[in-house]
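A closer look at the structure
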Amino acid sequence: MTMVPFAGSGGLRAIAGMALLAGAALLPARLGAQQGVAADPILAAIDSVAMEDSRVEELAQALTDSIGPRLTGTPGMQAANEWVAERYREWGIGVRIEPYGTWPGWRRGVTHVDLLEPRVKTLRAMLHPWSAPTNGPRTAKVVQFPEVARKAELEAWLAGVRGRAVLLDAAPVTCRPAESWERWGGEEASARVEDAAAEAEARWEARLASAGVDLPRLISMLAEAGATAVLTTDWTGGWGATRLHGMGSDLIPMINLSCEDYGLLFRLAERGQGPVIRIEAEAEFLGPVQVANTIATIPGTELPDEYVILSAHLDSWDGASGATDNGTGTVVMMEAMRILKEVYPHPRRTIIAGHWSGEEQGIHGSAAFAADHPEIVAGIQVALNQDNGTGPIERIFMEGFAEVAPVFEQWLAQMPGDLAEGIELISPGTPSGGTSDHSSFICRGAPAFFLRSGDWDYGTYTWHTELDTFDKIALDEVRRNARFVAMLAYLASEHPEKLSRARAVEEWPECRVPQR
């Protein structure tokens, strides 16, 4: 594939245009990439700034340590919107905070849970998001949800649940990871534990099903009956890692415990050993609050109504500080925009960074933006979304678009070898129906792509967990990703043609309706 000439606008843009033309041929093995960078002053400048004047560490530390978790509808999310906007203003980049609706406002306070009987121990526990507070410390006996065969049996049990804390998840058979069982006990030991855990989970699911009501209704019934709290756990399968990523209840405190401490309470209750806990969980409901996306823009000069979109959700769950989900993606897009503003301030196409709210609750922020701006969606040249941790970008999914892979190959061929060589293009792939914010544009037929990072234990240890903190960020990899995205945005902006929207698959996802 050969690029065709396009009209330049003088200065660095004209030089960049000639460089692009000189290195335009598709290089299947991506050979000569270093020569492409050397020949293109913009690529060379991006490389220099990204490697010698990186702001990644200071941005990531401030966002995750100082701003902290960014749960949609909380003061933390509002502070993050403002913080991101202020950084763009400092860099001379136009920015706006764009409201799209409201969300239940909620403010987290302190959660503290202690085992008092039969012995004393402080437990690892957090109140579920959007859950009711205890309104002061409460002492409660811990009980399991019972086996009931008829509605009358459930009602009889509920009559005695006042003042109790109810265990509502299955007991963990083990909190030791599977690989540890296999390493020290062998495959048979690992298989026995796995089978026992599956059996315990099935028995517990059958117990809950025997109540004849769905889980939300059951939680409401517990609240109406005067239960003190609902106790849950969500172990990831890794040492000490617990997820906190579900909405609680405004009727009753819902407390999420570590695997180890939940198992302790369950065994004590099951064996009649009288567990008693003291709970103090603070929270405040704020009513409907405005939710918004932060949108930064570097206007295009030749094709201002065509767009390169850098996409990352800003919101997070709040078990920790949302460092790898999606503080890293946020910082990548911010740093890429900062670099582009410095070395490429007058792009051919308009470059937009979208920092979305409400992704964790169903990609609401990006879906609202796409619905509210059909003119931008119609003009999208490419949207690049990053949202899965701190590892280096390794794969780009072509999302069911039939003719875009050769263009990506051409762009990669012009990048430094350390960036391009490890990238796999998944083509044609299938269009995403809602895994992350690129889905909001794909469903409308716009070429939007997911930049998948290497795992770095994301699913086990940081995704939605209490361990997703600044120290888990691999700063060198995030710097690399910012450098890569800045180059990709530049090449997409300068590309002489608008990317094809031809589809390789017949079935295409429908767009989600954003909650406003």
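This structure is a prediction, so every number in the text was calculated from the model and none was measured.

**Focus: the environment of Val377**
- Structurally, Val377 can be placed in helix H12 (residues 374-378).
- Note on Val377: relative accessible area 5%, which makes it buried.
- Considering only alpha carbons, one finds Val377 and Ser432, 55 residues apart in sequence, at a separation of 16 Å.
- Ignoring any residue separated from it by four or fewer positions in sequence, one finds Val377 in contact with Ala370, Phe441, Arg444, Ala446 and Arg501.

**Looking at the pairing of strand S14 (residues 448-453)**
- Taken across its six residues, S14 has five buried, putting it largely inside the fold.
- Looking at chain direction, strand S11 (residues 380-385) and S14 are connected through three bridges and run parallel. Bridge pairing links Leu384 to Phe449 in S14.

**Examining the layout of surface pockets**
- By volume, the largest pocket is sized at about 460 Å³.
- In this structure, the largest pocket is lined by 21 residues; those nearest its centre are Pro172, Val173, Thr174, Ala197 and Trp235.
- Among the elements that take part in the lining of the largest pocket, helix H7 (residues 178-209) stands out by supplying eight residues, more than any other.
- Class assignment of the residues belonging to the lining of the largest pocket gives a composition of 12 nonpolar, four polar and five charged.
- Computed from the structure, the second largest pocket encloses a volume of approximately 380 Å³.
- Elements that contribute at least two residues to the lining of the second largest pocket include exactly H7 and helix H9 (259-270).
- Of the residues in the lining of the second largest pocket, the class split is 10 nonpolar, three polar and seven charged.

**With respect to a negative patch on the surface**
- Among the surface-exposed residues, Glu179, Glu182, Glu187, Glu188, Asp455 and Asp457 lie close enough to one another that they form a single negatively charged patch.
- Within the secondary structure layout, Glu188 lies in helix H7.
- Overall, the relative accessible area of 63% leaves Glu188 in the exposed class.

**Comments concerning unusual backbone geometry**
- Cis geometry is adopted by the peptide bond preceding Asn326, which originates at Asp325 and carries an omega value of 5 degrees.
- As for its placement among the helices and strands, Asn326 is situated in helix H10 (residues 323-343).
- A cis geometry characterises the amide bond from Ser427 onward to Pro428, with omega recorded as 0 degrees.
- Positive phi, close to 50 degrees, is recorded for Ile363, a residue that is not glycine.
- Its place among the elements puts Ile363 in the loop between strand S10 (349-356) and helix H11 (364-372).

**A closer look at the packing of helix H3 (residues 41-52) against helix H17 (residues 475-494)**
- It is the contact of H3 with H17, at a shortest axis distance of 10 Å, that shows an interaxial angle of 160 degrees. Relative to H17, the element H3 lies roughly antiparallel. Between H3 and H17 lies a crossing whose hand is right-handed. From H3, Ile42, Leu43, Ile46, Asp47, Ala50 and Met51 reach across to H17, where they touch Arg483, Ala486, Met487, Tyr490 and Leu491.
- Here the contact of H3 with H17 is composed, by residue class, of nine nonpolar, no polar and two charged.

**Quick word on the state of the cysteines**
- The final tally for this structure, using the stated rule, is two disulfides.
- One disulfide bridge connects Cys175 with Cys259, the sulfur atoms lying 2.0 Å from each other. Its S-S torsion of approximately -85 degrees makes the covalent link between Cys175 and Cys259 left-handed. Taken together, the positions of Cys175 in the loop between strand S5 (164-167) and H7 and Cys259 in helix H9 put the pair 84 residues apart, joining distant regions of the chain. Neither Cys175 nor Cys259 differs from the other in exposure class; each is buried.
- Linked covalently through their sulfurs, Cys443 and Cys511 form a disulfide whose S-S length is 2.0 Å. Given an S-S torsion of about 105 degrees, the disulfide between Cys443 and Cys511 has right-handed geometry. Taken together, the residues Cys443 in the loop between helix H15 (439-442) and S14 and Cys511 in the segment after H17 connect sequence positions 68 residues apart.
- Cysteine pairing for the chain (bonded cysteines numbered in sequence order): 1-2, 3-4.

Thresholds, definitions, all that
- Residues numbered from 1 in each chain as written.
- Predicted model: local features only at pLDDT ≥ 70, side-chain atom pairs only at ≥ 80, totals over all residues.
- Heavy atoms only, no water.
- Helix = DSSP H or I, 4+ residues; strand = E, 2+ residues; numbered from the N terminus.
- Buried < 20%, exposed > 50% of the residue type's maximum accessible area, 1.4 Å probe, protein only.
- Contact = heavy atoms within 4.5 Å.
- Pairing = 2+ DSSP bridges.
- 1 Å grid on protein atoms, 1.4 Å probe; cavity = no way out; pocket = protein on both sides within 12 Å on 5 of 7 lines; lining within 4 Å.
- Points joined across faces, edges and corners; volume = space filled by probe spheres on them.
- Nonpolar A, V, L, I, M, F, W, Y, C, P; charged D, E, K, R; others polar.
- Patch = residues over 30% accessible without salt bridge, like charges linked within 9 Å, V, L, I, M, F, W, Y side chains within 5 Å.
- Areas by Shrake-Rupley, 256 points an atom, 1.4 Å probe, with all protein chains shown as cover.
- Salt bridge = Lys/Arg side-chain N within 4 Å of Asp/Glu carboxyl O.
- Lys, Arg positive; Asp, Glu negative; His and termini not counted.
- Charge placed at Lys NZ, Arg CZ, Asp CG, Glu CD.
- Axes fitted to C-alpha atoms, helices over the stretch in contact; angles between N-to-C directions.
- Parallel < 35°, antiparallel > 145°, perpendicular 65-115°, else oblique.
- Left-handed = near helix turned anticlockwise from the far one by under 90°.
- Disulfide = S-S within 2.5 Å.

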